[in-house]
Amino acid sequence: VQLQASGGGLVQAGGSLRLSCAASGLTFGSYAMAWFRQAPGKEREFVAAISWSGGSTYYAGSLKGRFTISRDNAKNTVWLQMNSLKPEDSAAYYCAAAPTTAIVVPTTQGLYEYWGQGTQVTVSS
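A quick note: this is a predicted structure, and the numbers were derived from the prediction, not measured.

Cut-off values and rules
Residues numbered from 1 in each chain as written. Predicted model: local features only at pLDDT ≥ 70, side-chain atom pairs only at ≥ 80, totals over all residues. Heavy atoms only, no water. Helix = DSSP H or I, 4+ residues; strand = E, 2+ residues; numbered from the N terminus. Rg over C-alpha atoms; globule rule 2.2 N^0.38 Å. Buried < 20%, exposed > 50% of the residue type's maximum accessible area, 1.4 Å probe, protein only. Areas by Shrake-Rupley, 256 points an atom, 1.4 Å probe, with all protein chains shown as cover. Lys, Arg positive; Asp, Glu negative; His and termini not counted. Charge placed at Lys NZ, Arg CZ, Asp CG, Glu CD. Polar contact = N/O pair within 3.5 Å; in protein donor to acceptor, adjacent residues only side chain to side chain. Contact = heavy atoms within 4.5 Å. Phe/Tyr/Trp six-rings, centres within 6.5 Å; stacked < 30°, edge-to-face > 60°. Lys NZ or Arg CZ within 6 Å of the ring centre and 35° of its normal.

A. Broad picture of the overall build of the protein chain. Across its full length, the protein chain holds zero helices and eleven strands. Here the C-alpha atoms of the protein chain give a radius of gyration of 13 Å, agreeing with the 14 Å that 2.2 N^0.38 yields for 125 residues. With the C-alpha coordinates aligned to their principal axes, the bounding extent of the protein chain is approximately 40 × 25 × 25 Å. Put simply, the protein chain has 125 residues, and 46% of those count as buried. Summed over its atoms, the accessible surface of the protein chain is roughly 6000 Å², and 48% of this surface lies on carbon and sulfur atoms. Distance between charge centroids for the protein chain: 6 Å, based on 9 positive and 6 negative side chains.

What follows is the structure, given as structure tokens:
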């Protein structure tokens, strides 16, 4: 199983980035997908998650309205659209896959079985 995250980079505050995570080696449509992030010196935190069908999405409270998670099961890909970026959004962003087709999507790291390598997002002020 491989999760390949991409799309990170350097952006000015107020700008946008779109992260992608391409999955291989798993039945993508049987997995909930999520994004987590980790800033230097901080614990990894939940960002957003989406159910296997894309019908349910969840966001960290502070990010709702600025970030949007989506997926295309035909392309084995999940995206994170990030708008109105702030310096505090700077972190390594990781995609993760949880083997569940439940309606309720997990937001706990321990329930995610597979992880990507991370893509760095840096927001300058």
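Once the structure has been displayed, the description carries forward.
B. Seen up close, unusual backbone geometry. Of note in this structure, Asn 76 is not a glycine but carries a positive phi near 50 degrees. Considering the arrangement of structural elements, one finds Asn 76 in the loop between β7 (67-72) and β8 (77-82). If you check the backbone angles, Ser 84 has positive phi at about 50 degrees while not being a glycine. Structurally, the position occupied by Ser 84 is in the loop between β8 and β9 (91-98). The class of Ser 84 is partly exposed, set by a relative accessible area of 42%.

C. Region of the structure containing the side chain of Ser 20. Locating Ser 20 in the fold gives a position in strand β3 (residues 17-24). At a separation of 3.3 Å, a polar atom in the side chain of Ser 20 contacts the side chain of Trp 79. Setting aside its immediate chain neighbours within four residues, Ser 20 contacts Gln 4, Ala 5, Ser 6, Trp 35, Val 78 and Trp 79.

D. Region of the structure containing the environment of Pro 40. Tracing the backbone shows Pro 40 in the loop between β4 (32-38) and β5 (45-50). As for Pro 40 and Ala 13, which are separated by 27 residues in sequence, their C-alpha atoms are 19 Å apart.

E. Quick peek at the packing of aromatic side chains. A complete count under the given rule lists five aromatic pairs for this structure. Taken together, a centroid distance of 5.7 Å and an interplanar angle of 75 degrees make the contact between Phe 36 and Phe 46 edge-to-face. Residue Phe 36 is located in strand β4, and its partner Phe 46 is located in strand β5; the two are separated by ten residues in the primary sequence. Overall, Phe 46 belongs to the buried group, its relative accessible area being 15%. With a centroid separation of 5.5 Å and 75 degrees between ring planes, the pair formed by Phe 36 and Tyr 112 is classed as edge-to-face. Taken together, the residues span a long stretch of sequence, with Phe 36 in strand β4 and Tyr 112 in the loop between β9 and β10 (114-115) at a distance of 76 residues. Owing to a relative accessible area of 4%, Tyr 112 belongs among the buried residues under this scheme. Pairwise contacts between aromatic rings join Phe 36, Phe 46, Tyr 112 and Trp 115 into one cluster. In this structure, Arg 44 packs its charged tip against the face of Trp 115, placed 3.9 Å from the ring centre.

Everything listed is a geometric property; what it means functionally is a separate question.
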